[in-house]
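Notes for the structure review
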Amino acid sequence: ETGTAHHKFLQHVALESATDVAALELEAGRLEREKVLSADERAALNLKDIAAFWNSEPGRKIRAQAASVRRELAFTARFSPAELAAITGVKSEPGLETEFVVVQGVADLVVLLPEEIWLVDFKTDEIAANELQVKKRLYEPQLKLYAFALEKIYSRPVTGRWLHFLSARKTV
């Protein structure tokens, strides 16, 4: 539920208010009044963690391109078994070479620029600093899959791809 609250807030927060905890508190109040967030969801937010992302290098870079930001961007893409094997490292079963898989997903944050795409996936797991690399490896196939899907759909490369762990305040 805490993760859902954070994702909902990140989807709707005004980016010009995203760097200051006091401004984020006002945004949370606005979103609660507008019934985007419940009182419980608002109470679950860690606004210091959110502000830390928007003040980080990727956060500043993204805010500078605010007009090109898309949040909770749904997509559908078609992949061959060979493409999926290249992304996930898991070989497909023999005889499926002519088949395809349809992948649907929702990207947390995408910056659609004329020549490139940036992708951010927010993670709300409570993790210790020494778990960061393990979690990165766990989520890496998902991020790769989303990046390849966006490249297929928008016909441009994903040049920035980040996992951001809110509770750890780390972007990898």
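Scroll up for the structure.
All residue numbers refer to position in the chain's written sequence, counted from 1. In keeping with the predicted nature of the model, local features appear solely for residues at pLDDT of at least 70, side-chain atom pairs appear and are counted solely at 80 or more, and the whole-chain, interface and lining totals rest on all residues. Each side-chain value is derived from all of the structure's non-hydrogen atoms; neither hydrogens nor water enter the calculation.

The first and last C-alpha atoms of helix α7 (residues 132–154) sit 31 Å apart over 23 residues, in line with the 33 Å expected at 1.5 Å per residue. To get the bend at a given residue, fit one axis to the seven residues ending there, fit another to the seven starting there, and take the angle between those axes. We count a stretch as a helix when DSSP gives it H or I for four or more residues in a row; a strand needs E for two or more, and each element gets its number in order from the N terminus. Where α7 bends most, at tyrosine 139, the angle is about 40°, and the proline proline 141 comes one to four residues later. Looking at α7, one finds that the buried residues are Leu132, Tyr139, Leu143, Leu145, Tyr146, Ala147, Ala149 and Leu150. Should any heavy atoms of two residues lie within 4.5 Å, those residues are considered in contact. The elements touched by buried residues of α7 are β1 (69–79), α6 (81–88), β2 (101–112), β3 (117–123), β4 (158–165) and β5 (170–171). At the C-terminal side of α7, serine 155 shows a positive phi close to 55°. A helix is expected to reach a length of 1.5 Å times the quantity of its residues less one. For every residue, the accessible area (1.4 Å probe, protein chains only) is compared with the maximum for its type, and the residue is labelled buried under 20%, exposed over 50%, or partly exposed between those bounds.

Moving on, we get to the nonpolar core. Note on terminology: a nonpolar core comprises buried Ala, Val, Leu, Ile, Met, Phe, Trp, Tyr and Cys residues joined through side-chain atoms within 4.5 Å. Grouped together as the largest cluster of nonpolar side chains are 26 residues, with contacts concentrated most on Phe9, Leu24, Ile50, Trp54, Ile62 and Leu109. Sorting the residues of this core by element identifies α1 (2–12), α2 (21–33), α4 (47–54), β2 and β3 as the ones contributing at least two each. Tallying contributions element by element places α4 first for this core, with 5 residues. Ala77, Val110, Val158 and Leu163 belong to the second largest nonpolar core, which has 24 residues in total.

Side-chain rings of Phe, Tyr and Trp (the six-membered ring for Trp) are treated as a pair once their centres are within 6.5 Å; stacked means planes under 30 degrees apart, edge-to-face means over 60, and tilted covers the remaining angles. Enumeration according to the criterion identifies 5 aromatic pairs in this entry. Pairing phenylalanine 53 with tryptophan 54 gives two aromatic rings, centres 4.8 Å apart and planes at 75°, and the pair type is edge-to-face. Assigned by exposure class, phenylalanine 53 and tryptophan 54 land together as buried. Ring plane angle 85° and centroid distance 5.0 Å describe the contact between phenylalanine 53 and phenylalanine 122, whose orientation is recorded as edge-to-face. Placement of phenylalanine 53 in helix α4 and of phenylalanine 122 in strand β3 is noted, with a sequence separation of 69 residues between them. The exposure class assigned to phenylalanine 53 is buried, which follows from its relative accessible area of 1%.

We now examine unusual backbone geometry. Despite not being glycine, lysine 35 shows a phi value in the positive range, around 65°. Considering the arrangement of structural elements, one finds lysine 35 in the loop between α2 and α3 (39–44). We classify lysine 35 as exposed; its relative accessible area is 71%. The backbone of serine 155 shows a phi angle near 55°, a positive value even though the residue is not glycine. Following the sequence through the fold, serine 155 ends up in the loop between α7 and β4.

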